[in-house]
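Fold and contact review
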Amino acid sequence: MTTTAYCPEQIQEDTLQRAAIPGEMPEHAAATGLSLAELGEALAGIAGGLDARFVAAGTALARAYEIVEGLIGALENVTNAFERDAADAAVDSMRRTAERLTRLPAIQAARKEALVAIEQASAALSHQIDQVNRTLSFLRICGLNIKVAAAGTGDFSSFADTMFVKLDLGETEMEALAREIVWLAEAVPAMFEVERQLAGECALVIPHIPRKLSGDAVALQQHQLELSERALRIAEVARQIRAQVGTALGALQVGDSTRQRLEHLADGLQDVDAFLAAPGALADDVAGQLADHAVALLAAQAADTLETFQRESRLLASSLRGIGPSAASLLDLREADSAGEGPFLHQLEQSVAEVTSVTESLREADARSGRLSSLASTTAENLSQRLATVHRITSDVQQMAWNTDLRCYRMGPEGRGLAVVASEIRGFAATLATIASGIARSFDGLTVAATVIRGSEEDAGVDAGAALAESLGCIRDGGQRMRSGLSELDEGASSVAEILEDTTGKIDCEEDVGGPLAAITERLSQFGREIPDLAEPAISEEALTALGDLLAAIAARYTMAREREVHRAFQPGGETAAAPASDPFDLDDDDFDDGLF
């Protein structure tokens, strides 16, 4: 059927104007061939315009769906933009810094006590080393006495030379030990001065600076959580819009189904026109009755189509208007993000500057104390390892005494002079053993003091300003990634809002489509007259067959279950009549209802 697309104004002012002129009202469809043709063209025009509207609306909504889909992808990246592990580590660093600053006075007091212990142990060791050196000097005299008493005996002379070698080695090692003790003793006063300065700095900044750091750490963590939660909220709104737009896309099918039904109506009017033009052997009045019945069917189809279209299109328009506030809320959330980010970071930067300035002297003093403490601790630990040297020297002297006693015993009466020397060596060996015990106790004291000074890993010096700047940089980077991910949110949300507004206008076409379609429906209802009783003998078998053929031709085009339901009330035999095997009513609705344009 060739159709001409009519605009609504043309339909109302031309074709439909006749419906309002009672004098032109025909008695039945048989006398309205031209009018039925005009109505068919009008229906085809409405269908064409409706198709254009809803195709354009579907294209626009598909574009809106793509925009929102892209926004969701960007927002999902934003929710992962904060590198949670790194941010948490930075905040934890700030907290540990604050805790250490809070503990610093106690740490400093413990180090001061340890320095006192080192000072006392160093003084004791210095005296003990002097005693060891004096004892070694006496043992050297004993070696000379052995040579004199042995009167040049080769065996004793060689033994004395071995003693001198061991004594030389012992003196060399004790000299190195003495130098380290002297260095440690000289370093302690400087360390006391540094600790005094550190105590003064602690009094200036503690406890208010650690409290401020703790507060900043909490604020940073809270800000990080708020940024992440805001991104999640925006993404949730975007997903809601996506679902709503997707639902609207599916609901646009009402335009396609309405277009199809209008086309079926136009083709049905053409069938009626063709039937009237060639009624066969039927009398004109019988043919007119059958045509009236078919037009009554088409009028019922038109009324049902109008009702369905008005209901579904109004619901669809209402749904689209409901998406608007969601799209607007995207912009509100975006503005909230921009409003809160700047002031917070600015305040935090000021806090960083203040902490850095106030704790600068404290950090310097703490660093100097840490360096000196580390050196002192290392020296003390090295001294403790020298205890083996003292034990070896003591063991060598004891061996000298045993060897001297053994040799004197073998010489008999001639070894009495050497026995006197051996007795002296045994005395010096006992003295060395006593001194070694004292040195061991002094080394134990050094070890304990060194452990206190070195402290634990938790007590290691941390730059408070650097820790806060690191945390701030981490959050700022996350915020920058979030802003980057939201850079297109303003434009995207505005575009979606515009698309929704335009699409709502396209499908909200009550005036342009509903009004003309209602007028056509009224005109058809005036043309059509349903035959009240289709059973014989009210109507001949020949007429009944002709009517069945006409209605079957109309029904063959149906693609909607609703069309078939309306049709059943008009077919010969009524709603209870069985449909033939080839009845188009048996088609699967899913083949038609699932498509969109």
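Thresholds, definitions, all that
- Residues numbered from 1 in each chain as written.
- Predicted model: local features only at pLDDT ≥ 70, side-chain atom pairs only at ≥ 80, totals over all residues.
- Heavy atoms only, no water.
- Helix = DSSP H or I, 4+ residues; strand = E, 2+ residues; numbered from the N terminus.
- Contact = heavy atoms within 4.5 Å.
- Areas by Shrake-Rupley, 256 points an atom, 1.4 Å probe, with all protein chains shown as cover.
- Phe/Tyr/Trp six-rings, centres within 6.5 Å; stacked < 30°, edge-to-face > 60°.
- Buried < 20%, exposed > 50% of the residue type's maximum accessible area, 1.4 Å probe, protein only.
- Polar contact = N/O pair within 3.5 Å; in protein donor to acceptor, adjacent residues only side chain to side chain.
- Axes fitted to C-alpha atoms, helices over the stretch in contact; angles between N-to-C directions.
- Parallel < 35°, antiparallel > 145°, perpendicular 65-115°, else oblique.
- Left-handed = near helix turned anticlockwise from the far one by under 90°.
- Nonpolar A, V, L, I, M, F, W, Y, C, P; charged D, E, K, R; others polar.
- Salt bridge = Lys/Arg side-chain N within 4 Å of Asp/Glu carboxyl O.
- Core = buried A, V, L, I, M, F, W, Y, C linked by side-chain atoms within 4.5 Å.
- Expected span 1.5 Å × (residues − 1).
- pLDDT = per-residue confidence, 0-100.

1. Quick look at the overall build of the protein
Helix and strand content of the protein: 16 helices and zero strands. The contacts in the protein between residues at least 6 apart in sequence include a share of 90% that link residues at least 24 apart. Taken as a whole, the protein presents about 28,100 Å² of accessible surface, with 52% of it coming from carbon and sulfur.

2. Observations regarding the packing of aromatic side chains
According to the stated counting rule, one finds two aromatic pairs in the structure shown. Note on Phe 54 and Phe 309: the rings are 6.3 Å apart at their centroids and 65 degrees apart in plane angle, and the pair reads as edge-to-face. Of this pair, Phe 54 sits in helix α2 (residues 33-79) while Phe 309 sits in helix α7 (residues 284-358), and the two are 255 residues apart along the sequence. Since its relative accessible area comes to 1%, Phe 309 is described here as buried. Here Phe 138 and Phe 428 contribute two aromatic rings whose centre-to-centre distance is 5.4 Å and whose plane-to-plane angle is 5 degrees, an arrangement assigned as stacked. Residue Phe 138 is found in helix α3 (residues 84-149), and its partner Phe 428 is found in helix α10 (residues 416-454); the two are separated by 290 residues along the sequence. Residue class for Phe 138 comes out partly exposed when judged on its relative accessible area of 36%.

3. Describing the side chain of Arg 259
Within the secondary structure, Arg 259 sits in helix α6 (residues 253-277). Judged by relative accessible area, Arg 259 falls into the buried class, the value being 15%. Of note is the side chain of Arg 259, whose polar atom sits 2.4 Å from the side chain of Asp 256. Sequence-distant contacts of Arg 259, that is, excluding residues within four places in its chain, are made with Ala 47, Leu 50 and Asp 51.

4. Some thoughts on the packing of α6 against helix α14 (residues 541-555)
The contact between α6 and α14 brings their axes to 9 Å, and the two run at 150 degrees. In terms of axis orientation, α6 runs roughly antiparallel to α14. Viewed along their axes, α6 and α14 form a crossing whose handedness is right-handed. Here Gly 268, Asp 271, Val 272 and Phe 275 of α6 come into contact with α14, specifically with Ala 546, Leu 550, Ala 553 and Ile 554. Classifying every residue of the contact of α6 with α14 by side-chain character gives six nonpolar, one polar and one charged.

5. Focus: the environment of Ala 436
Checked against the element boundaries, Ala 436 lands in helix α10. The sequence separation of Ala 436 and Val 132 amounts to 304 residues, and the corresponding C-alpha distance is 8.5 Å. Aside from chain neighbours lying at most four places away, what touches Ala 436 is Leu 387, Val 390, His 391 and Thr 394.

6. What to know about the environment of Arg 140
By the element assignment, Arg 140 lies in helix α3. Given the relative accessible area of 24%, Arg 140 is considered partly exposed. It is 7.8 Å that separates the C-alpha atoms of Arg 140 and Met 163, two residues lying 23 residues apart in sequence. Residues within four places of Arg 140 in sequence aside, it is in contact with Phe 164, Leu 167, Asp 168 and Glu 171. Here the side chain of Arg 140 touches Asp 168 through a polar contact of 2.5 Å, side chain to side chain.

7. Here we look at the pattern of salt bridges
Pairing between side chains becomes possible if they bear opposite charge and their charged atoms approach one another. Counted by the stated rule, this structure contains 16 salt bridges. A cluster of three or more residues bridged by salt bridges with shared partners is formed by Asp 51, Asp 256, Arg 259 and Glu 263.

8. A few points about the side chain of Ser 442
Here Ser 442 shows up in helix α10. Of the residues examined, Ser 442 reaches a relative accessible area of 9% and is grouped as buried. In this view, Ser 442 contacts Ala 121, Ala 124, Leu 125 and Gln 128; residues no more than four positions away in its chain are not counted.

9. A closer look at the nonpolar core
For soluble globular proteins, nonpolar side chains are generally found buried alongside one another. Membership of the largest hydrophobic core comes to 74 residues, with the highest contact counts inside it found for Ile 241, Leu 290 and Leu 524. For this core, the leading source of residues is α7, giving 18 residues. Setting aside anything within four residues of it in sequence, one finds Ile 241 in contact with Val 68, Ile 323, Ser 326, Ala 327, Leu 330 and Val 496. By size, the runner-up hydrophobic cluster in this structure holds 44 residues, among which are Ile 181, Val 188, Leu 387 and Leu 432.

10. Concerning the packing of helix α9 (residues 387-411) against α10
Look at α9 against α10: their axes get within 9 Å of each other, and the N-to-C directions meet at 165 degrees. With respect to their mutual orientation, α9 and α10 come out roughly antiparallel. In the packing of α9 onto α10, the handedness of the crossing is left-handed.

11. Some thoughts on α14
A rise of 1.5 Å per residue sets the reference length of α14, with its 15 residues, at 21 Å; its end C-alpha atoms lie 21 Å apart and thus fit the reference within 8%. Three or more residues of α14 are buried, namely Ala 543, Ala 546, Leu 547, Leu 550, Leu 551, Ile 554 and Ala 555.

12. Section: the confidence of the model for the protein
Residues with a pLDDT of 70 or more make up 74% of the protein, whose mean pLDDT is 75. Overall, residues 30-34 carries pLDDT values under 50, and its contacts beyond four positions in sequence, including any with other chains, amount to seven contacts. Here residues 575-597 is a poorly scored stretch, pLDDT under 50, and it has 35 contacts once near neighbours within four places are set aside; other chains count.

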